[in-house]
Amino acid sequence: MADKIKDAKIIFVVGGPGSGKGTQCEKVVAKYGYTHLSSGDLLRAEVSSGSERGMQLQAIMQKGELVPLDTVLDMIKDAMIAKADVSKGFLIDGYPREVKQGEEFEKKIGAPCLLLYIDAKAETMVMRLMKRGETSGRADDNEETIKKRLDLYYKATEPVIAFYESRGIVRKIDSELPVDEVFGHVAKAIDALK
């Protein structure tokens, strides 16, 4: 089964909550035929399925803690294998959150050919998430939880970016720009992979 994905193009997409990475991922899917796998979406889908694993995950996430690495990795791998025949590549969004996760991912699944770092200022992300909270009904879109998530994100992500920068595969994209301009930069980075 895992053979199906061993030569897949894998792009890690890193960006804080509210950085606009979800929007950029949608655009990549539309243009390039990649499959977008967000660890957060996979987790939320599991939670809403009401399974036992889902209920355990919900308890962890409500405390603002991170879900165990193996659980997330298994979910991503299963989703990749399920889409292997129809996908031109994979956008792995919100993962890895620490260097160890990246190393485990490479052992179990494969190495990324690119890390897209969708970067926005902290105040921009807080503002965007507060706005999203007005309509999303997501329990984690309130100011206190948002600030906690941002702190966690920065602490965890800096070493990950440094780790992949040493391999020369990081492309930092300024997501303060208008959405289509941001995508122009994203597309340039992906086109350079061929």
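- Looking at an unreviewed UniProt entry, the protein chain carries the name Adenylate kinase isoenzyme 1, with the source organism given as Osmerus mordax.
- The record held by UniProt for the protein chain lists under Subunit (unreviewed entry) the comment "Monomer."
- Recorded in UniProt for the protein chain, the comment headed Sequence similarities (unreviewed entry) runs: "Belongs to the adenylate kinase family. AK1 subfamily."

**Notes on the pattern of salt bridges**
- Within this structure, the stated rule accounts for 11 salt bridges.
- Here D70 ties to K108 by a salt bridge, and the two come within 3.7 Å at their closest N and O atoms. With a gap of 38 residues between them, D70 in helix 4 (residues 69-83) and K108 in helix 5 (residues 99-108) connect regions that are remote in the sequence.
- The class of K108 is partly exposed, set by a relative accessible area of 33%.
- In this structure, E143 engages K147 in a salt bridge whose closest nitrogen and oxygen atoms are separated by 3.0 Å.

**Concerning the UniProt feature "binding site: ATP" (unreviewed entry) in the protein chain**
- Under the feature "binding site: ATP" (unreviewed entry), the UniProt entry names G18, S19, G20, K21, G22, T23, R132 and L177.
- Its location among the elements puts K21 in helix 1 (residues 21-32).
- K21 gets classed as buried once you look at its relative accessible area, which sits at 15%.
- Aside from chain neighbours lying at most four places away, what touches K21 is V13, V14, G15, G16, D93, G94 and I118.

So, how was this worked out
Residues numbered from 1 in each chain as written. Predicted model: local features only at pLDDT ≥ 70, side-chain atom pairs only at ≥ 80, totals over all residues. Heavy atoms only, no water. UniProt positions renumbered as here; feature names shortened; annotations may be inferred. Salt bridge = Lys/Arg side-chain N within 4 Å of Asp/Glu carboxyl O. Helix = DSSP H or I, 4+ residues; strand = E, 2+ residues; numbered from the N terminus. Buried < 20%, exposed > 50% of the residue type's maximum accessible area, 1.4 Å probe, protein only. Contact = heavy atoms within 4.5 Å.

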